[in-house]
Amino acid sequence: MIVNSMKWIKTPDAPEPAGHYSQAVVHRGLVFVSGQLPKDAKTGELEKGPVEKQTRLVLHNLRQILKAANSDVSHLLKVNIYVSDIALWNQVNHIYTEFMGDHKPARALVPTRDLHHGALIEVEAVAAVAE
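Residues numbered from 1 in each chain as written. Predicted model: local features only at pLDDT ≥ 70, side-chain atom pairs only at ≥ 80, totals over all residues. Heavy atoms only, no water.

**Some points on the overall build of the protein chain**
Move 1: Helices and strands together make up the secondary structure of the protein chain, namely two helices and seven strands.
Move 2: Reading the protein chain from its N terminus to its C terminus gives the helix and strand order β-β-β-β-α-β-α-β-β.
Move 3: Its C-alpha atoms give the protein chain a radius of gyration of 14 Å, within 12% of the compact-globule value 14 Å for 131 residues.
Move 4: For the protein chain, the spread of C-alpha atoms along the principal axes amounts to about 40 × 30 × 20 Å.
Move 5: For the protein chain, the residues scored as buried account for 40% of the 131 residues in total.
Move 6: The contacts of the protein chain with a sequence gap of at least 6 include a subset with a gap of at least 24, amounting to 68%.
Move 7: Working note: accessible area of the protein chain is about 7400 Å², and carbon and sulfur atoms make up 54% of it. (Helix = DSSP H or I, 4+ residues; strand = E, 2+ residues; numbered from the N terminus. Rg over C-alpha atoms; globule rule 2.2 N^0.38 Å. Buried < 20%, exposed > 50% of the residue type's maximum accessible area, 1.4 Å probe, protein only. Contact = heavy atoms within 4.5 Å. Areas by Shrake-Rupley, 256 points an atom, 1.4 Å probe, with all protein chains shown as cover.)

As structure tokens, then:
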């Protein structure tokens, strides 16, 4: 759907939004990805395993949404990562570094108390549309 040059992204390859929001919105060459929890796209079930497994899944979902928006990881501009405990920083940073490779977008890693449904991590991002 496109309204006022905005395009709402919806892909079956990432979890269906649980509320009144889109997986992502594209506007003027930018992709704004909503916060993603580590949910399985097919079942909608939250991954309850260790933070490493949750991080891999949430980053996989991010990649799928970017792909649906004609973007990719190399076009990420800003990533916000929320973790339920700052003690998880090292594990999350290790997986994130593997995922990003040489690409280093701006980033914030924010410790919170509780995340929705007991998740250990949530990720939101802004990327450029691939040319």
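**Some remarks on the environment of His94**
Move 1: Tracing the chain through its elements places His94 in helix 2 (residues 89–100).
Move 2: As for His94 and Thr55, which are separated by 39 residues in sequence, their C-alpha atoms are 9.8 Å apart.

**What about the side chain of Gln64?**
Move 1: If you trace the backbone, Gln64 turns up in helix 1 (residues 51–68).
Move 2: Judged by its relative accessible area of 14%, Gln64 falls in the buried class.

**Quick look at the layout of surface pockets**
Move 1: One number sums up the size of the largest pocket: a volume of about 160 Å³.
Move 2: Residue classes in the lining of the largest pocket are distributed as five nonpolar, five polar and three charged. (1 Å grid on protein atoms, 1.4 Å probe; cavity = no way out; pocket = protein on both sides within 12 Å on 5 of 7 lines; lining within 4 Å. Points joined across faces, edges and corners; volume = space filled by probe spheres on them. Nonpolar A, V, L, I, M, F, W, Y, C, P; charged D, E, K, R; others polar.)

**Let's talk about the pattern of salt bridges**
It is possible for side chains of opposite charge to pair when their charged atoms get near one another.
Move 1: What the rule picks out here adds up to two salt bridges.
Move 2: The salt bridge involving Glu16 is made with Lys10; its shortest N-O contact spans 3.3 Å.
Move 3: When its relative accessible area of 61% is taken as the criterion, Lys10 is described as exposed.
Move 4: Here Arg56 makes a salt bridge to Glu98, at a shortest N to O gap of 3.6 Å. Here the residue Arg56 occupies a position in helix 1, and Glu98 occupies one in helix 2, the gap between them amounting to 42 residues. (Salt bridge = Lys/Arg side-chain N within 4 Å of Asp/Glu carboxyl O.)

**Examining the pairing of strand 4 (residues 30–36)**
Move 1: Pairing of strand 3 (residues 24–27) with strand 4 involves four bridges; the strand directions are antiparallel. When the bridges of strand 4 are listed, Val26 appears paired with Val31.
Move 2: A loop of two residues connects strand 3 with strand 4, the two strands running antiparallel in sequence, and Arg28 in this loop sits at a positive phi of about 50 degrees.
Move 3: Alignment of strand 4 against strand 7 (residues 121–128), held across five bridges, turns out to be antiparallel. Note on strand 7: the bridge partner recorded for Gln36 is Val123. (Pairing = 2+ DSSP bridges.)

**Regarding the packing of helix 1 against helix 2**
Move 1: Where helix 1 contacts helix 2, the axes come no closer than 9 Å and their chain directions differ by 35 degrees. In this structure, helix 1 crosses over helix 2, and the sense of that crossing is right-handed. Here helix 1 contributes Val51, Glu52, Thr55, Arg56, Leu59, His60 and Arg63 to the contact with helix 2, which in turn contributes Gln91, Val92, Ile95, Tyr96, Glu98 and Phe99.
Move 2: Of the residues belonging to the contact of helix 1 with helix 2, the class tally is six nonpolar, three polar and four charged. (Axes fitted to C-alpha atoms, helices over the stretch in contact; angles between N-to-C directions. Left-handed = near helix turned anticlockwise from the far one by under 90°.)

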